[in-house]
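Residues per chain, in single letters:
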Amino acid sequence: QVQLVESGGGLVQPGGSLRLSCEASGFTFSRYTMYWYRQAPGKERELVAHLTGTGGSTGYADSVKVRFTISRDNAKKTVYLQMNSLKPEDTAVYYCYARISGRDYWGQGTQVTVSS
């Protein structure tokens, strides 16, 4: 059974940093591209970053380029999102996502709040 479990969210001041983690199970992690999405109150869910299985290719939303870094540890079956220089507009629930054998899988989400 595929499971994605996020952790690492919290309250942080503007300019601060957080590292989110998503631990995966139930599939061959290293074969799949992993994604981070976020959803702010009243807004649609948006793609933040993605990283291919081998780690050879990444992509970022324009709003987070330079500030966020996606990475993975295939031995630990975990994908990370390092978030630096956080802004109030980064406040959202952050979700880990994978598409496995034609099906969509989401984690439960972790809340990130950027506020002074």
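These notes cover the structure that comes with them. Counting restarts for each chain, with residues numbered from 1 along the sequence as it is written. Totals for whole chains, interfaces and linings use all residues, but because this is a predicted model, local features are given only for residues with pLDDT of at least 70 and pairs of side-chain atoms are given and counted only at 80 or more. As a rule here, side-chain values cover all heavy atoms of the structure and leave hydrogens and water aside.

On to the overall build of the protein chain. Only runs of H or I of at least four residues qualify as helices and only runs of E of at least two qualify as strands under DSSP, and these elements are numbered from the N terminus. Along its length, the protein chain carries 0 helices and 11 strands. The N-to-C order of helical and strand elements in the protein chain reads β-β-β-β-β-β-β-β-β-β-β. The C-alpha atoms of the protein chain give 13 Å as radius of gyration, which agrees with the globular expectation for 116 residues (13 Å, within 12%). Burial classes: relative accessible area under 20% of the type maximum marks a residue as buried, over 50% as exposed, and values in between as partly exposed (1.4 Å probe, protein chains only). Each of the 116 residues in the protein chain was classed as buried or not, and the buried ones make up 42%. By sequence separation, contacts in the protein chain at least 24 residues apart represent 51% of the contacts at least 6 residues apart. Note on areas: Shrake-Rupley, 1.4 Å probe, and residue coverage restricted to the protein chains presented here. Accessible surface, the protein chain: about 6200 Å² in total, of which carbon and sulfur atoms supply 44%. Neither His nor the chain termini are counted; the positive set is Lys and Arg, and the negative set is Asp and Glu. Charge placement uses NZ in Lys and CZ in Arg. For Asp and Glu, CG and CD serve respectively. Taking the 13 positively charged and 9 negatively charged side chains of the protein chain as two groups, their mean positions are separated by 5 Å. All radius of gyration figures rest on C-alpha atoms, and the globule criterion is 2.2 Å times the number of residues raised to 0.38. Throughout, a contact is declared for two residues whenever any of their heavy atoms are within 4.5 Å.

When two cysteine sulfur atoms lie within 2.5 Å, the pair is treated as a disulfide. Tallied over the full model, the rule gives 1 disulfide. Each sulfur of the disulfide joining Cys22 and Cys96 lies 2.1 Å from the other. Across the S-S bond linking Cys22 and Cys96, the dihedral sits near -80°, which makes this disulfide left-handed. A residue pair is termed long-range when its members are at least 10 positions apart, and Cys22 in strand 3 (residues 18-25) and Cys96 in strand 9 (residues 92-100) qualify at 74 residues. Cys22 sits in the buried class, given a relative accessible area of 0%.

This brings us to unusual backbone geometry. One non-glycine residue, Val66, adopts positive backbone phi at about 80°. Counting through the fold element by element, Val66 comes out in the loop between strand 6 (58-60) and strand 7 (68-73). Judged by its relative accessible area of 82%, Val66 falls in the exposed class. If you check the backbone angles, Ser85 has positive phi at about 50° while not being a glycine. With respect to the helices and strands, Ser85 occurs in the loop between strand 8 (78-83) and strand 9. Residue Ser85 is classed as partly exposed on the basis of its relative accessible area of 42%.

With that settled, consider the nonpolar core. The definition of a nonpolar core used throughout is a set of buried Ala, Val, Leu, Ile, Met, Phe, Trp, Tyr and Cys residues joined through side-chain atoms within 4.5 Å. With 31 residues, the main nonpolar core has Leu4, Trp36, Leu81, Met83 and Tyr94 as its most contacted residues. If you list the elements that add at least two residues to this core, you get strand 3, strand 4 (34-39), strand 5 (46-51), strand 7, strand 8, strand 9 and strand 11 (110-114). In terms of residue count, strand 9 provides more of this core than any other element does, 5 residues in total. In contact with Tyr94, other than residues within four places in its own chain, are Glu6, Leu20, Trp36, Tyr37, Arg38, Val48, Phe68, Leu81, Met83, Gly109, Thr110 and Val112.

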